[in-house]
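# Summary of structural features
Residues per chain are reported as follows:
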2 protein chains.
Amino acid sequence: MYTIKEVAQMMDISEHTLRFWAKSGFFPFVKRNENNIRMFSDNDLEWVKIVKCLRSVGTENKLVKRYIDLCIVGDSTIPERYEIIQTTKAKAQEQMKELTQQLSLLDYKEKFYQNLIKNNLEDSWNPMNKMQPEDEAV
Amino acid sequence: MYTIKEVAQMMDISEHTLRFWAKSGFFPFVKRNENNIRMFSDNDLEWVKIVKCLRSVGTENKLVKRYIDLCIVGDSTIPERYEIIQTTKAKAQEQMKELTQQLSLLDYKEKFYQNLIKNNLEDSWNPMNKMQPEDEAV
DNA sequence: GGTTGACTGATAGTTACTCTCAAGATTAAT
DNA sequence: ATTAATCTTGAGAGTAACTATCAGTCAACC
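Let me begin by describing the structure that accompanies this report. Computed from a predicted structure; not experimentally measured.

Thr-3 and Arg-19 of chain A together with His-16, Asn-35 and Arg-55 of chain B are the nearest of the 18 residues found near DNA strand C. A share of 77% is what sugar and phosphate atoms reach among the atoms of DNA strand C within 4 Å of the protein. The separation between a phosphate oxygen of DNA strand C and a polar side-chain atom of Arg-19 of chain A is 2.7 Å. Contact between DNA strand C and Asn-61 of chain B: a phosphate oxygen at 3.1 Å from a main-chain N or O atom of the residue. Residue assignment for the surface near DNA strand C shows that the elements contributing at least two residues are helix H1 (4-11) and helix H2 (15-23) of chain A together with helix H2 (15-23) of chain B.

See the structure below:
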């Protein structure tokens, strides 16, 4: 059993956020000890993990809550839960594509600056005026 | 030359966000026409692109502004700009790793639900109690 | 027995949008 | 020529999701 602090360290999520999530109803299953302290079981960590997963892909908190609530209801909600997972996965794949593109732009920029520094070249940018994307583009 | 609406469509960013970015000083170079309407040149789009890139990786607005300002100053700021790009790239790579992991979890979940639906299996989850991660884990 | 440290809930503050709206200009239709 | 529809603008309010601050509780150690 883990305290909120331990969970925060293990899952790399701030205590604040975990409490915020708890207050948002994301962990209705986490028990408290005799001092009203939240004690997370190993199994609870799996729930934290899925919440983190959904959130990290940008699923809004309202939908995360919906998913949790559906799990509690039971079998009859499997189709809706499946749909949520599918939608989330599609979104994640979209993000992957976007991220790949942005990475290649960053890579280009990195090399551009490396060249500029290595060769002690001029930064061919005339403020507000005739900057050329292929020369500098920022 | 493009209006803010056209830029919004081309770059897949809302007009609202573009105005917000403009107000934040991200586009100090964009000219206005005689009616005070912003007119983006093709070159300006390159700037929008790099702002979008930085933001999509989670670079905070303050740093984006810093980067833009450095570009305006000129050559002497190349090392700091290079550093910003490097840091951003490293962050993007980190995100890529994270996203890959989350995708594999989502993939697992997807298959899990597919099985559940295909075989009309029971959802072996006893609310608040003995849920097993490997059986359901949400 | 007093201080330390972890926990609690309540509440205020922050970031980055996101939306609403009134005012001014342009085009299209009456 | 006037009206209506459409677009743009800035100002400002609203929202989501944290993030930080604070006062208060409680067990544990010196």
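Back to the text.
On to the packing of aromatic side chains, then. Residue and element names in this part refer to chain A. Evaluation of the coordinates by the stated rule reveals 12 aromatic pairs over all chains. Both rings, one in Trp-21 and one in Phe-26, keep their centres 6.2 Å apart while their planes meet at 45 degrees; by these two values the pair is tilted. Residues Trp-21 and Phe-26 agree in their burial class; the two are buried. Through pairs of rings, three or more aromatic residues link up here, namely Trp-21, Phe-26, Phe-27, Phe-29, Phe-40 and Trp-47.

We now examine the protein's contact with DNA strand D. Around DNA strand D, the structure places 17 residues, and the nearest of them are Asn-35 and Arg-55 of chain A together with Arg-19, Arg-32 and Arg-38 of chain B. Close to the protein, within 4 Å, the atoms of DNA strand D are drawn from sugar and phosphate at a rate of 83%. Asn-35 of chain A places a polar side-chain atom, nitrogen or oxygen, 3.0 Å from a phosphate oxygen of DNA strand D. A distance of 2.6 Å separates a phosphate oxygen of DNA strand D from a polar side-chain atom of Arg-38 of chain B.

Scoring rules and cut-offs
Residues numbered from 1 in each chain as written. Chains lettered and ligands numbered in written order. Predicted model: local features only at pLDDT ≥ 70, side-chain atom pairs only at ≥ 80, totals over all residues. Heavy atoms only, no water. Near = heavy atom within 4 Å. Polar contact = N/O pair within 3.5 Å; in protein donor to acceptor, adjacent residues only side chain to side chain. Helix = DSSP H or I, 4+ residues; strand = E, 2+ residues; numbered from the N terminus. Phe/Tyr/Trp six-rings, centres within 6.5 Å; stacked < 30°, edge-to-face > 60°. Buried < 20%, exposed > 50% of the residue type's maximum accessible area, 1.4 Å probe, protein only.

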